Amino acid sequence: MNPPRLVVALTGGIGSGKTTVADRLGELGAGVIDTDQLSRELTAIGGAALGPIAATFGARVMLPDGSLDRARLRQIVFADPEARARLEAILHPGIKALMMERLAALQTPYAVLVVPLLFETGQETLADRVLVVDIPESLQIERVTRRSQIPEDEVRRIIASQIPRRERNARADDLIDNRGDLANLEHQIQRLHADYSRIAATPDSPQTH
Ligand code: ADP
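About the thresholds
Residues numbered from 1 in each chain as written. Predicted model: local features only at pLDDT ≥ 70, side-chain atom pairs only at ≥ 80, totals over all residues. Heavy atoms only, no water. Helix = DSSP H or I, 4+ residues; strand = E, 2+ residues; numbered from the N terminus. Rg over C-alpha atoms; globule rule 2.2 N^0.38 Å. Buried < 20%, exposed > 50% of the residue type's maximum accessible area, 1.4 Å probe, protein only. Contact = heavy atoms within 4.5 Å. Areas by Shrake-Rupley, 256 points an atom, 1.4 Å probe, with all protein chains shown as cover. Lys, Arg positive; Asp, Glu negative; His and termini not counted. Charge placed at Lys NZ, Arg CZ, Asp CG, Glu CD. Near = heavy atom within 4 Å. Polar contact = N/O pair within 3.5 Å; in protein donor to acceptor, adjacent residues only side chain to side chain. Nonpolar A, V, L, I, M, F, W, Y, C, P; charged D, E, K, R; others polar.

Caption draft 1: The overall build of the protein chain, seen in detail. Secondary structure assignment for the protein chain yields nine helices and five strands. Along its sequence from the N terminus, the protein chain presents helices and strands in the succession β-α-β-α-α-α-α-β-β-α-α-α-β-α. A compact globule built from 209 residues should have a C-alpha radius of gyration of about 17 Å, and the protein chain, at 18 Å, falls within 12% of that. The dimensions of the protein chain, computed from C-alpha atoms along their principal axes, are 55 × 40 × 25 Å. Sorting the 209 residues of the protein chain into buried and exposed places 44% on the buried side. Once local pairs closer than 6 in sequence are excluded, the contacts in the protein chain between residues at least 24 apart make up 75%. For the protein chain, the computed accessible surface area is about 10,800 Å², with 53% contributed by carbon and sulfur atoms. The averaged location of the 28 negative side-chain charges in the protein chain is 2 Å from the averaged location of its 25 positive side-chain charges.

As structure tokens, then:
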């Protein structure tokens, strides 16, 4: 099989259900590349971004074992837009290069690139279609605080730092409404998987890149 003929960028706010959707599309046969995962690889011990981050932010973001103190770094960049810009300048080129490399190596009919900050970083041009997972803010807070130790006020700050829901939805080619239960979500995922498989199988499809 050749590299994917259709590239779908998957985005949505924190806790909207991106990982759930991507994992399921992966099970159904999509090639999934998660930029959060790439970011973790680049910032792990031995990763290309760890040295530059330590040089930029100093010993306060490093743990005694030489690994990155992710919670501390997250606090710093959410409190300081300039620090956030410096971190992004270190990470984004590496993430993009790794993403293109992995994409070219996939052997699936279509690819799903999970990019939480797709519009914020202007990366929608990398994909043929944009899939947005949508839930209201109250549900984002409920699901994120249930899943993790992140306090509610920090979740609110993260939401406020992301593109507004209405604007994100307006820029979607495909939209998943994830207000319902997991069975309802599964139904929408199945339909999208069928659509993407069909588009990827269509010769000379205008969706190909
Ligand atoms: P994201 O990757 O966008 O941050 P996740 O896929 O991790 O979001 O989902 C956030 C949390 O909500 C997870 O604990 C997930 O299991 C849960 N979740 C996702 N979709 C639903 C749903 N339809 N009903 C209930 N819980 C859900």
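The discussion continues.
Caption draft 2: View of the site of the ligand. As a matter of local geometry, the ligand sits amid 14 residues, with Lys18, Thr19, Thr20, Arg147 and Asn178 nearest to it. Within the side chain of arginine 143, one N or O atom sits 3.3 Å away from a nitrogen atom of the ligand. Mapped by element, the contributors of at least two residues to the shell around the ligand are helix 1 (18-28) and helix 6 (137-147). Ranked by residues supplied to the shell around the ligand, first place goes to helix 1 with three residues. Per-class residue counts for the shell around the ligand are two nonpolar, eight polar and four charged.

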